[in-house]
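# Structural description and commentary
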Amino acid sequence: MAADFPIKAVVPKAETQALHFVEQNPRFDGRGVIVAILDTGVDPGAPGLQITSDGKPKIIDLIDGSGSGDVEMSVLRSLSQEGTIEGLNGRKLKIPQSWNLPTQTEIRVGTKRVFQLFPKPLISRMKAERKKIFDEKHRDAVLALTRAIASYDSYKSNIPESEIPQNGKFDLEARLEQLKAMESAIEDVGPICDVVLFRDPATKLWRAAIDTTETGDFSNAKLMGEYKIAQEFSTFSDLDRMNYSFCVYDDGNTLSIVTNAGSHGTHVAGIVGANYPEQPELNGVAPGCQIVGIKIGDSRLGSMETGTALVRAFIACRNLKVDLINMSYGEPSSRSNTGRVLELANQLVWKHGVIFVASAGNNGPCHTTVGAPGGLASGLISVGAMVSPGMMDVQYSLRDTNSLQETQYTWSSRGPSEDGGLGVCISAPGGAITSVPNWTLHKSQLMNGTSMSSPNACGCLALVLSGLKNQNVPYSPALVRQAIENTARPVDGQDKLTHGAGVIQVTDSFEWLSSHGRHFKPYLRLEAAVTAHNAHKARGIYLRESDQSQHAIEETIEIRPIFHDVLSTNDDKLAFEMRITISTDAPSWISVPSHFVLLNENRTFKACIDPTKLPTSAADGSIHFAEIVGHDSARPDAGPIFRVPVTVVKPRKVLTDNSKIPTAQWNHLKTCPGTLFRKFIEVPLGASWAEITVECTQFSTNRLMVLAAQSIQHPKVSTKFTLFDKYLWMQGDTRKVERIDVVAGRTLELLFGQYWSSLGDDGELSVTIQFRGLSPDTQCLTLTNYEEIGRVNVRALCNGQETLAPRAVLCSVQRPLYPTSSDLRPLSLERDGLDDGKVVYQMILSYTYQTDDAGIQIIPRVPNLSEVLYDSPFEAQFWMIHEAETKRLIGHGDAWPDWLSLPTKGKYTISVQLRHDDPSVLEKMKNFPLLLERQLSKDKSITLSVYNSHYNAISGGSKFPSSGKAVHDLGHEVSFFVAAPTTGSVPAWVKKGDTLLGVLQISKVDGQAWEPADLVGSESKGVKKPLGAIKLCFSAPPKPKNVPAKSNNANSQLGLQDQLSKYIVDHISTLVNQSKFEEAQKLLARLKEESTLQGAQAESFLAPVIPGIFKDESKAMKLVLAVLELKIADGLTTDPMLRRKTVTAAAQEVISRVDRDALAVFFGMRRTPEETADQGKQMEEQKKFLLDALKRKALSLLNGSTPLTEAERTMLNDTISDIRRWVDLDSGSADFNEVVVKYERSRNNLGTALRLLRKELGNNHSNILSKKSSETLLELLQALKWHHLADAERRNQLARFPQGPLTMF
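Below or above, wherever it landed, is the structure these notes cover.

### Looking at helix 11 (residues 477-487)
With nine of eleven residues buried, helix 11 is to be regarded as a mostly interior element. For helix 11, the set of buried residues is Pro477, Ala478, Leu479, Val480, Gln482, Ala483, Ile484, Glu485 and Thr487.

Set out below in C-alpha cells:
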C-alpha cells in the first residue's frame, strides 16, 4: 500500500486557512474574480492554466506592456493573383488559399528575430540544439571535401568542366581549411521570420501569422486572431516549445507578439490559480479565478521591468476591470509614494478599487530593505515570505522538520521603509512547486522568494473576494487591507518589522469583512500621516541616527478621511463622525492622547516619543518597534482603523583612541537555523571602511551563515547602493574576513547569523568589526588643466594606525552629447490612454556619436534620471543605439544602463525615449544632454603621479612612496599632491568638455589589490570605487595647438588662375563623390568644349582659365581630369557590356598618363626625408590614381554577366598582374579584396576566394564584413553548396543589415 504523501504542501494552503476555507466553501474558490499577473508573462499552454474550476477559460487576455514583442507593420502589400506578396526582406511570401483572401487584399508585412522574443535560458538551449543539427551537416560537408581531396582525379571527373578550379587540388585544400574555420565563425542569430497581418474580409477582425519555417510559405503557419477575442495561441516549434499570441495596436501599424521573458510569471500564475481537474491536490490557491497575463519584464533587458510596461499594465487593468493585481516584481528604492509610477499605482487602487498585492523584496535580513512598489506605495499590500515545517519537509527535504519552527525566510526584506512605514504588510508562504512554461521542458518547478509569497497572498484574497461577491458583501481595498491586518496570525519569534501583521488568514479575513464590512463603509478610508519633521507626509516615525535618540521628540499625526469621488455622496460626508480611541503598545516611551473625534476634515494630534526612556540595555545597539493605533469606539472588537508605526534605533557608540583601532566585538554566540543577531553601531567620524571578522568554533557540520550590513545614507539613496550581504560556508574552526564601505557618523546595521535551512546548533560564533580609514578634505578631486597640481589634505580621525597610500587612476571618459533632433507626439489611447481621456506623450531625443575605434565599451546615462524607476518623475526612459549607416540595432537600456560594446568604428545614433502625460514637461527636455561614458582600454588607463610636496610635484621630483606613509597622530593633517595628466597621456580623441573619471585611493586597505581594469569590469556599471578611495575627475580643457612655422617658399602661393583651376576640378570631384555623375559629366563636357575656343571666342568667365587647365604642359591636371572621366563613366554606365567597354577605355586613359617607371623608381629606392617631403605627396597621388584605374578596369571585366572573350580574359589577367606589382593581393587588403575575390571566383577557385574574403575580417578589427563583402560571402557559400553555412549567413545578413523601418521603442 502506497504511503500517504503530503502533496498539498507543494502549494501551501493550510498555513493561511485557504485549504480549510475552500473545503468548507467549494464555490468560494476564486470564481467571479479576475486576477492580473504583472510579471514576465504567462504561458497559456502551461499545465493547470487552461480552464477554471467551473469550466471557463483560465486566461482571458495576454498582453505585452514592454513593447519587446512589437513588430512594425506599417508596410502594406497587395495580394497578387498568384497568391503571393513580397516580404519586408524581399522574399516572396506564399499566402495559402485556405485563408480565403481575395486578390488585391492589403496585407501588412514585417519581420521579427525570434531570439528577441526568447528568454536567455531558452536562447542558450536553442543554440545548443541547433548546433547539434548544424554540426551534423558540417561533419558531412567536411567528410565529402576530405574524400574529394583524397581522390581528386575521381572528383574532377564527376563534375562539369566549368566547375573545376583552376588551382586544382590546392583550391580544394583551401576550401577544407575555410570550412573547418567557419564552423565556429558564424554566429547563430536565431530564426528571422516573416510576419503578416490583415483584417479578415468577413469578420473585419485582425488576423496574423508567423512563418516559423523561414521559407516564405505560410501554408503551415497558424493564422490567429487577437488572444483577447479568440483565445488562440501557437508554438514557434516543437524544439523550443515557446507559445505565443497576438495583440494589435495603432490600427494595425503595430503587432505585438506576446511571449514570456522568463518562467517566473507562469509560476506566479500557478500559485494564484492553477486548476488541475484530474489532480486537484496540485491546484493553486484559487483554482476558480480567471487570469490576465501582462508582461512587464522586457525581453530586451533580460526581463527587467520598465516604466512603459508598468504604466501600460495599469491601463490594461483599469480597462479590463480586474479585481486583483499580483506583482512579484520590484526594485530597491528609497522614497515612499514618490514618482509617477507609484502615483499611478496608488490611483489604480484608490480610484478604481483594484486590490494590488506586491512582493516586499528579497534583500533581507537587514531592516529598511523593502523595495518599490510593494513596500513604498501606500495603496499596495506588501507581502513578506515565511516558511513552515510542512514546506521544509516537502519542498526542501530537510531533516527533523518536527523540531523546526515556522519562521521567516532569511532573505525576506524587512521594514521599516525610509519614511517609517511598516514596509511589510503581511506574510505568506514563500515557496511552491507549481506550473512553469512549456519551453522549460518541466511540468513544474520549485521556486522561492517574496515573488512566491505575494501570489499566495493574492490567491488567498481571491478566495475572500469570491466569497464576498457570492454573498453580496461590499468591500474596498482599504477595508480588505484592514481585515487582513487585523486578523493576521503572528508567528512566534518574529516581529512586525519582519513579517508585518503576521500570516494572512483567509477564513478570519472573510468573517471579519462579513461581520464588519457594512459598518465600515467601502466609500471611505482613513489616511494616517506624520507631518512634523518630514519634507512630505510620512507613513510612520523612524528615528535611526544617534542624535535622534538622545532626547524626546514630539510628532504631529494627521488623520484624514478620504471619500471616494464616485461611490460617496454629500449626504455621506455630511453625516460622517467617528469617535476614536487612541493607544500604544509602548506607553513607557510613547505618549499619546486617549480620545479623538474625526469629522469630515483633516485633524491632528500630538505624539511624544522619548527614546531616553528605553531600557539601558538598548545602548548595546538595538532596535525598538511599537505602534500608535486608533479604534472605532463603536466597534473596538474590529481592531485598529489606523496604525502609525514607530521605530527607534539606539546605536552603540565605539570609542576612538590614538593607539587603538575602534572595535566592537560579540563573542560566544549560540546559533541555530534562522537565528539572527542584529547590532546597530554609530560609525566613528573619519572612518571610511570597516573590517568584519567572523569566527566559528566547533561547528560539527558545514553551515551557511549570513553576514549583512547597511547604512541609510544621506542624501537618501537606494539600498541597491548601500546594502552589503554575503553568505559564508563555515565548518569546524573557521575564520572569514570581509571589508565594507561605511559612512562616518551614520548608523550601521550589522547582522550575522545562520541561514534558515542550514541545520546544526552546536559550537559558537564570534564577530568583530574594526573601523578604519583616513578622512580627506574632499570626496572628489577635480583637476581642470593639463599638468595642474591638486592638493588633498588628510586627517586620521578615528585611530592612529592608518597608512596613507595615495594612488590616482583615470579609467573612463564621459562626454556630454546634445540632441540633434527631438520629436514630441501623443501615443494611442488604446495602449497609452490614462484616466479622463488623457494620453501619454513621448519625446524621442536623437544623439550622434562618432568613434574611430572598433569594439569600444560605452554606457549612456540620462542625467538625474539614471538609476531611478519607481521614484522617477517620468513614466519611463529607454534608449537604443543603432549603427547610423546600416540601421542595425546594437543595444538598448533603461534606468540601469550597463557597459555596451560598439562593434565597428563609425557613426552611431542614440535615441532616448522619455514618457509623460504632460507635454509641457517633455518640451523642456528637448535640449537635454546625454552623458556617454567610454572605457579606456586596459593599456590606456592613465595613472597620475602623486607627490609628497608641492615642490616635488612642480619640479617632477621624488614621488610619494608606493609603500605609503604611516599616520599616527589623531587629528594631525597630512597632505599629498596629484599631478594632472599631460597632453601626451590623454587619448587624441578626447576633446574639450570631456571629463575623465577615475579613483583616488587614500588609505591602504589590507588584503585589497586592484588594477585599473578592475575599476570598469563587466560587473561595475561605471567606475567602481575601491575601499578607502574617493572620486577623481579631470575636466579636459582645449589641447594646446602646434603653431606651424611660416613658409618662405614662393611656390606655396598659388596665382589666381591656378586657384580657379583647382576650384573647378575640386567642384567636379565633389559632384563625383556625391554620386552626381550626370551633373559632373555636363560640367566636364562644357570645360572641354570651351577649351577648344581661342581667347575672345570663349564667352564664359572661365575663358582665361581653361587654356591653363588643358594646355599640353599641364600633365598633372590632365591626369586628374582623366580620373574624373573614369569615375563618371563608372558611375553613369549601367549596361554591363557598355560599361565593360567605356570603363576599360577610361581606365586605360588614366593608366597611360601615369609614369609607372618613375613610380617604380621612387617607391623602390630609399630617399631622404627632404626628398620624400618634396615628391612623396605627388607620387602617392599618382599611385592612388593608377591603382584606382586598374581596380575599376578589373571590376568592369569581372562584373559583366556575359562571358569574357579571349582578348578580354587576357586583358583581365594582365590587369591583375599589374595590380600585383603594387599590392599584395593575398593579404586581404580591404581596397582590393573585391577584385581578387571575384577574379579567383571567375577561375572557380572558390576556396582561394573564400580565404581572401575572410582575411578581411582579420584586417578590419571588428569581425564584421561590409554589406557588399557579406553578399559575396553568401554567394560563395551557395556556390560551394554549403547550405547550412549559407542559411546561417543569410540570417546574419538580415540581422546586420535590417530592412524596413528603424527598430524603435
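### Here's the deal with the pairing of strand 26 (residues 578-584)
Taking every second residue as pointing to the same face, the buried face of strand 26 carries Met578, Ile580, Ile582 and Thr584, while none of Arg579, Thr581 and Ser583 on the other face is buried. Bridge count between strand 26 and strand 28 (residues 595-598): four bridges; the pairing is antiparallel. Residue pairing for strand 28: threonine 581 is matched across the bridge by histidine 595. Judged from the five bridges that link them, strand 26 and strand 30 (residues 622-632) form a sheet pairing that is antiparallel. Bridging from a neighbouring strand, threonine 581 pairs with histidine 631 of strand 30.

### Topic: the sheet that holds strand 46 (residues 876-883)
If you walk across this open sheet you meet the five strands as 43-44-49-46-47, and the pairing is antiparallel. Unpaired on one side and paired on the other, strand 43 (821-826) and strand 47 (889-893) mark the two borders of the sheet. Sheet twist, expressed as the mean angle between neighbouring strand axes with direction ignored, is 20 degrees. Pairing of strand 46 with strand 49 (residues 906-916) involves eight bridges; the strand directions are antiparallel. The partner of phenylalanine 878 across the bridge, within strand 49, is glutamine 913. Contacts between helix 7 (residues 307-320) and the sheet are confined to strand 46 and strand 49, with strand 49 contributing the most and set at about 35 degrees to the helix.

### A look at the packing of helix 2 (residues 120-150) against helix 4 (residues 169-181)
In the contact formed by helix 2 and helix 4, the axes pass within 10 Å of each other and the chain directions differ by 160 degrees. Taken together, the axes of helix 2 and helix 4 lie roughly antiparallel to each other. Remark: the crossing between helix 2 and helix 4 carries left-handed chirality. Residue-level inspection shows His138, Ala141, Val142, Leu145, Thr146, Ala148 and Ile149 of helix 2 in contact with helix 4, the latter providing Lys169, Leu172, Glu173, Arg175, Leu176, Leu179 and Lys180. Of the residues in the contact of helix 2 with helix 4, the class split is eight nonpolar, two polar and four charged.

### Things to note about the nonpolar core
Core analysis: the largest hydrophobic core is formed by 141 residues, its most contacted members being Leu38, Ile294, Leu324, Ile426, Ile609 and Ile628. Ranked by residues supplied to this core, first place goes to helix 10 (residues 450-470) with ten residues. Ranked by size, the runner-up nonpolar core spans 60 residues in total, among them Val142, Ala1146, Val1237 and Ala1288.

### Things to note about unusual backbone geometry
Note the cis peptide between glycine 364 and proline 365, where omega equals 15 degrees. Inspection of the secondary structure puts proline 365 in the loop between strand 17 (355-359) and strand 18 (380-387). For aspartate 400, which is not glycine, the phi torsion reads 55 degrees and is therefore positive. Residue placement: aspartate 400 occurs in the loop between helix 9 (389-394) and strand 19 (407-408). Despite not being glycine, asparagine 1244 has its phi angle at roughly 65 degrees, a positive value. Mapping asparagine 1244 onto the fold places it in the loop between helix 26 (1233-1242) and helix 27 (1246-1259).

### Focus: the sheet that holds strand 7 (residues 106-113)
The sheet built from four strands is open, its strands ordered 4-7-8-9 with antiparallel pairing. With one partner strand each, in any of the chains shown, strand 4 (75-78) and strand 9 (206-210) form the two edges of the open sheet. Adjacent strand axes in the sheet meet at a mean angle of 30 degrees, parallel and antiparallel pairs treated alike. Where strand 4 and strand 7 come together, four bridges link them in antiparallel fashion. By the bridge assignment for strand 7, serine 78 is matched with glutamate 106.

### Section: the environment of isoleucine 37
By secondary structure assignment, the location of isoleucine 37 is in strand 1 (residues 34-39). The class for isoleucine 37 is buried, based on a relative accessible area of 0%. Sequence separation of isoleucine 37 and lysine 295 is 258 residues, and the distance between their C-alpha atoms is 8.1 Å. The residues contacting isoleucine 37, other than those within four sequence positions of it, are Val42, Gly265, Val268, Ala269, Val272, Ile291, Val292, Gly293, Ile294 and Asn326.

### Brief notes about the pattern of salt bridges
Under the defined criterion, the tally for this structure stands at 63 salt bridges. For arginine 31, the salt bridge is made with aspartate 29, and the minimal N-O distance between the two is 2.9 Å. In this structure arginine 31 comes out as partly exposed when scored by relative accessible area, which is 23%. Judged by relative accessible area, aspartate 29 falls into the buried class, the value being 3%.

### Thoughts on the side chain of serine 336
Along the chain, the position of serine 336 falls in the loop between strand 16 (324-327) and helix 8 (340-350). We classify serine 336 as buried; its relative accessible area is 0%. A polar side-chain atom of serine 336 sits 3.4 Å from a polar atom in the side chain of arginine 539. In this structure, serine 336 is in contact with Leu376, Ser417, Glu418, Asp419, His536 and Arg539, ignoring residues within four places of it in sequence.

### Here we look at the packing of aromatic side chains
Counted under the stated rule, the structure contains 26 aromatic pairs. Where tyrosine 409 meets tryptophan 411, the ring centres are 4.3 Å apart and the plane angle is 20 degrees; that geometry is what we call stacked. Taking the centre distance of 5.5 Å and the plane angle of 90 degrees together, the rings of tyrosine 727 and tyrosine 755 count as edge-to-face. Here tyrosine 755 lies in the loop between strand 37 (747-754) and strand 38 (764-772) and tyrosine 727 lies in strand 36 (residues 723-741), a separation of 28 residues in the sequence. Each residue in the set Tyr396, Tyr409, Trp411, Tyr727, Tyr755 and Trp756 is aromatic and connected to the rest through ring pairs, giving one cluster. If you follow arginine 807 out to its NZ or CZ, it ends over the ring of tryptophan 1010, 3.8 Å from the centre. Taking the ring centre of tyrosine 249 as reference, the NZ or CZ of arginine 831 above it sits at 4.1 Å.

### A few points about the pairing of strand 38
With respect to burial, strand 38 is a largely interior element, seven of its nine residues being buried. Sheet topology note: the strand 33 (residues 663-669)/strand 38 ladder contains five bridges and is antiparallel. Following the sheet pairing, tryptophan 666 is matched in strand 38 by valine 767. In terms of strand pairing, strand 35 (residues 689-711) meets strand 38 through nine bridges, oriented antiparallel. From the neighbouring strand, isoleucine 692 faces strand 38, where its bridge partner is isoleucine 769.

### Brief notes about the environment of serine 80
With respect to the element layout, serine 80 can be found in the loop between strand 4 and strand 5 (84-86). Residue class for serine 80 comes out buried when judged on its relative accessible area of 19%. Distance from serine 80 to alanine 1145, taken between C-alpha atoms, is 45 Å for residues 1065 residues apart in sequence.

### Things to note about the packing of helix 2 against helix 29 (residues 1283-1296)
Closest axis-to-axis distance for the helix 2/helix 29 pair is 9 Å, and the angle between their directions is 135 degrees. In terms of their interaxial angle, helix 2 and helix 29 are classed as oblique. Taken together, the residues of helix 29 that come into contact with helix 2 (itself represented by Arg130, Phe134, Lys137, His138 and Ala141) are His1284, Leu1285 and Arg1291. Classifying every residue of the contact of helix 2 with helix 29 gives three nonpolar, two polar and three charged.

### As for helix 26
Every buried residue belonging to helix 26 is among Asn1233, Val1235, Val1236, Val1237, Tyr1239 and Glu1240, and all of these are buried. One or two steps after helix 26, the chain reaches asparagine 1244, where phi turns positive at roughly 65 degrees.

Rules used in this analysis
- Residues numbered from 1 in each chain as written.
- Predicted model: local features only at pLDDT ≥ 70, side-chain atom pairs only at ≥ 80, totals over all residues.
- Heavy atoms only, no water.
- Buried < 20%, exposed > 50% of the residue type's maximum accessible area, 1.4 Å probe, protein only.
- Helix = DSSP H or I, 4+ residues; strand = E, 2+ residues; numbered from the N terminus.
- Pairing = 2+ DSSP bridges.
- Axes fitted to C-alpha atoms, helices over the stretch in contact; angles between N-to-C directions.
- Contact = heavy atoms within 4.5 Å.
- Parallel < 35°, antiparallel > 145°, perpendicular 65-115°, else oblique.
- Left-handed = near helix turned anticlockwise from the far one by under 90°.
- Nonpolar A, V, L, I, M, F, W, Y, C, P; charged D, E, K, R; others polar.
- Core = buried A, V, L, I, M, F, W, Y, C linked by side-chain atoms within 4.5 Å.
- Salt bridge = Lys/Arg side-chain N within 4 Å of Asp/Glu carboxyl O.
- Polar contact = N/O pair within 3.5 Å; in protein donor to acceptor, adjacent residues only side chain to side chain.
- Phe/Tyr/Trp six-rings, centres within 6.5 Å; stacked < 30°, edge-to-face > 60°.
- Lys NZ or Arg CZ within 6 Å of the ring centre and 35° of its normal.

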